[in-house]
Amino acid sequence: MPAPRVTVLGSVNIDLVATTAARPAPGETVLGENFSTGPGGKGSNQAVAAARAGASVRFLGAVGDDPFAAELRGALADAGVDITGLREVAGPSGVAVIVVDGSGENSIVVVGGANTTVRDLTDADLSAIAEADVLLCQLELPLGPVTAAARHARSAGTTVFLNPSPVQSLPDALLDAVDVLIVNETEAGQLGDAVLGRVPHVVTTLGAHGATLRGPDGRTHLATPPSVEVVDTTGAGDAFAGTLAASWPSGAADAVDRACVAGALATTRHGAAAAPTRAAVDAALGRTGRPREAAPRGAAPT
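What you see is a predicted model, and the numbers here were worked out from it, not measured in a lab. Counting of residues starts from 1 at the beginning of each chain's written sequence and follows it residue by residue. Totals for whole chains, interfaces and linings use every residue, but because this is a predicted model, local features are given only for residues with pLDDT of at least 70 and side-chain atom pairs only at 80 or more, for both listing and counting. Only hydrogens and water are set aside when side-chain values are computed; all heavy atoms of the structure are taken into account.

> Help me understand the overall build of the chain in this model?
Secondary structure assignment for the chain yields 10 helices and 13 strands. Across its three principal axes, the chain shows a C-alpha extent of roughly 50 × 50 × 35 Å. Working definition: with a 1.4 Å probe on protein chains only, accessible area under 20% of the residue-type maximum means buried, over 50% means exposed, and in between means partly exposed. Residue burial in the chain is summarised as follows: out of 302 residues, 53% are buried. We call two residues in contact when some of their heavy atoms are within 4.5 Å. Across the chain, the fraction of contacts at a sequence separation of at least 24, relative to all contacts at a separation of at least 6, is 65%. Accessible area of the chain: about 12500 Å², with a carbon and sulfur share of 53%. Looking at charge distribution, the chain has the averaged site of its 20 positive side-chain charges lying 7 Å from that of its 31 negative ones. Helix and strand labels come from DSSP, where a helix needs a run of H or I of at least four residues and a strand needs a run of E of at least two; each type is numbered from the N terminus. In these tables, accessible area is a Shrake-Rupley quantity obtained with a 1.4 Å probe, and a residue counts as shielded only by the protein chains included in the view. Neither His nor the chain ends contribute to the count of charged residues, in which Lys and Arg are positive and Asp and Glu negative. Charge coordinates come from a single atom per side chain, which is NZ of Lys, CZ of Arg, CG of Asp or CD of Glu.

> I tried to follow the pattern of salt bridges on my own but got confused; where do I start?
Pairing between side chains becomes possible if they bear opposite charge and their charged atoms approach one another. The rule for a salt bridge is simple: a side-chain nitrogen of Lys or Arg has to be within 4 Å of a carboxyl oxygen of Asp or Glu. Taken as a whole, this structure holds 11 salt bridges when the rule is applied. Close ionic contact of Asp125 with Arg87 constitutes a salt bridge, the shortest N to O distance being 2.9 Å. Taken together, the residues Asp125 in helix 3 (residues 123–130) and Arg87 in strand 5 (residues 82–88) connect sequence positions 38 residues apart. With a relative accessible area of 22%, Arg87 lands in the partly exposed category. One continuous salt-bridge network, built from bridges that share partners, spans Arg87, Asp120 and Asp125.

> Got a minute to help me understand the sheet that holds strand 10 (residues 180–184) in this structure?
As a general point, the strands of a sheet are linked pairwise by backbone hydrogen bonds and lie either parallel or antiparallel. Strand order across the open sheet formed by nine strands is 5-4-1-8-9-10-11-12-13, with mixed pairing between neighbours. Pairing within the sheet leaves two strands with one partner each, and these edge strands are strand 5 and strand 13 (220–223). Averaged over neighbouring strand pairs, the angle between their axes works out to 15° when direction is ignored. A pair of strands counts as paired when DSSP detects no fewer than two bridges linking them. Sheet topology places strand 10 next to strand 11 (residues 201–205); five bridges connect them, and they run parallel. Its bridge partner lying in strand 11, Val180 is registered against His201. Packed on one face of the sheet, helix 1 (residues 42–52) meets strand 1 (5–9), strand 4 (56–63), strand 8 (134–138) and strand 9 (159–163) and runs near 165° to strand 4. Only the stretch in contact is used when a helix axis is fitted, and all axes are lines through C-alpha atoms; the angle between N-to-C directions ranges over 0 to 180 degrees. Contacts from helix 4 (residues 143–156) reach strand 1, strand 8 and strand 9 within the one sheet, and its direction differs from that of strand 8 by about 165°.

> Teacher, can you tell me more about the nonpolar core here?
The nonpolar side chains of a soluble globular protein tend to be buried, and buried together. Within this scheme, the nonpolar core is defined by two criteria: the residues are buried Ala, Val, Leu, Ile, Met, Phe, Trp, Tyr or Cys, and they are joined through side-chain atoms within 4.5 Å. Val57, Phe59, Leu76, Val81, Phe161, Phe240 and Leu244 are the most contacted members of the largest nonpolar core, which has 39 residues in total. Sorting elements by how many residues they give to this core places helix 8 (residues 236–247) first, with five residues. Not counting the four nearest positions on each side in its chain, Leu76 is found in contact with Ser44, Ala47, Val48, Phe59, Val81, Ile83 and Leu86.

> How should the sheet that holds strand 6 (residues 94–100) be read in this particular structure?
Pairing is mixed across the open sheet formed by four strands, whose spatial order is 3-2-6-7. Edge strands, defined here as strands with exactly one partner in the open sheet, are strand 3 (32–40) and strand 7 (106–111). Taking each pair of neighbouring strands and ignoring which way they run, the sheet shows an average axis angle of 15°. Bridge count for strand 2 (residues 13–20) against strand 3 is eight bridges, and the pairing is antiparallel.

> Is there a simple way to explain the packing of aromatic side chains in this structure?
One pair of aromatic rings is described through two measures. These are the centre distance and the angle between the planes. Stacked, tilted and edge-to-face are the three classes assigned to paired rings of Phe, Tyr and Trp, where Trp is represented by its six-membered ring and a pair needs centres within 6.5 Å; plane angles under 30 degrees give stacked, over 60 edge-to-face, the rest tilted. On inspection of all chains with the given rule, the structure shows one aromatic pair. Residues Phe161 and Trp248 carry aromatic rings whose centres are separated by 5.3 Å and whose planes lie at 90° to one another, so their mutual orientation is edge-to-face. Of the two residues, Phe161 is situated in strand 9 and Trp248 in the loop between helix 8 and helix 9 (252–266); the sequence distance between them amounts to 87 residues. Each member of the pair Phe161 and Trp248 is classed as buried.

> For this particular structure, what's the right way to read helix 8?
Residues lying three or four places apart along an α-helix face the same way, a consequence of the helix completing one turn every 3.6 residues. One less than the residue count of a helix, multiplied by 1.5 Å, gives the span that helix is expected to have. Taking 1.5 Å per residue as the helical rise, helix 8 with its 12 residues ought to reach 16 Å, and the 16 Å between its terminal C-alpha atoms agrees with that figure. The element helix 8 is extensively covered by neighbouring structure, given that 11 of its 12 residues are classed as buried. Within helix 8 the residues assigned to the buried category are Ala236, Asp238, Ala239, Phe240, Ala241, Gly242, Thr243, Leu244, Ala245, Ala246 and Ser247.

> Is there a simple way to think about the environment of Leu285 in this case?
In this structure, Leu285 sits in helix 10 (residues 278–285). Separated by 28 residues in sequence, Leu285 and Asp257 have C-alpha atoms that sit 8.5 Å apart.

> What's the story with helix 3 in this structure? I'm lost.
Those residues of helix 3 that sit buried are Asp125, Ala128 and Ile129. Down the axis of helix 3, the buried side of the element spans an arc of 100°, and every buried residue falls inside it. Turned more than 90 degrees away from the buried face of helix 3 sit Asp123 and Ala124, all of them exposed. The elements touched by buried residues of helix 3 are strand 1, strand 4, strand 5, strand 8 and helix 4. The arc in question is the one spanned by the directions pointing from the helix axis to the C-beta atoms.

> I tried to follow the packing of helix 8 against helix 9 on my own but got confused; where do I start?
Two quantities define a packed helix pair, namely the angle between the axes and the distance from one axis to the other. The N-to-C vectors of helix 8 and helix 9 enclose an angle of 150°; their axes lie 7 Å apart at closest approach. In terms of their interaxial angle, helix 8 and helix 9 are classed as roughly antiparallel. For helix 8 against helix 9, the interelement crossing comes out right-handed. Residues Ala236, Ala239, Phe240, Thr243, Leu244 and Ser247 of helix 8 pack against Ala255, Val256, Arg258, Ala259, Cys260, Ala262, Gly263 and Ala266 of helix 9. For the contact of helix 8 with helix 9, the per-class residue count stands at 10 nonpolar, three polar and one charged. Should an angle lie under 35 degrees it is considered roughly parallel, over 145 roughly antiparallel, and from 65 to 115 roughly perpendicular; all remaining angles are considered oblique. Should the near helix be turned anticlockwise from the far one by less than a right angle, the crossing is left-handed, and should it be turned clockwise, the crossing is right-handed. Amino acids outside the nonpolar list (Ala, Val, Leu, Ile, Met, Phe, Trp, Tyr, Cys, Pro) and the charged list (Asp, Glu, Lys, Arg) are all regarded as polar, and Gly is one of them.

In structure tokens:
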């Protein structure tokens, strides 16, 4: 079976990560333990995850002309992602400032930079979307091109995935083009049942309890994560989304199972681009095709 073709329209950032025993309260200064930089951005992270999950991935987005751009391009290319659709624009690349505490939980501030310049789609972008099996989008880019991409994908028969993060009001034109919505419990509550009910498939991540799939017939499927020792939850949601998109063409329920395992395994590594390989997910699933154990200690993406 040929590798599924996934086109990701999304953000790419340089992550500036500080680890500390406890995240600071408003007005408080705390001492950090470690500092690191690395590639990130929800779009980039999800593209890397989809590639590691076995998909043929194209990335559409923008970096700046600053020193970070080469590192960001290189990280995607090294993961096997086609970056011919990654533009370079004048000004800074996107930046995310991340604080990770001793329990692995995080707080993130994102400055869009070059990502905010993606306001239209080129003919090459439209072709990459139409030729894909799956289009995967998030909301760290302006809504205009995300909506245009989703509508073009729908007209071309490409399955549209949307991870509406950071959560915001979604225009009807976008909602009507989405096939699969990926949300955590907080985002689901903010969007509300009226919005969720308009999308055929809704996948909701439940932290340590795994994830649920609600299909167009109203039936639900629960996936549970394996037991893991959590180090850093920063990239778990993106590992989940990218793996889900890459695995979807083989079956919805199996895709959610695989995504749940990928999200859990991502928490065992530092960094936002911590998605596991397809082989690692296969090993965690075991011969039954299901997670070996459903861990009270583990964490799926939130």
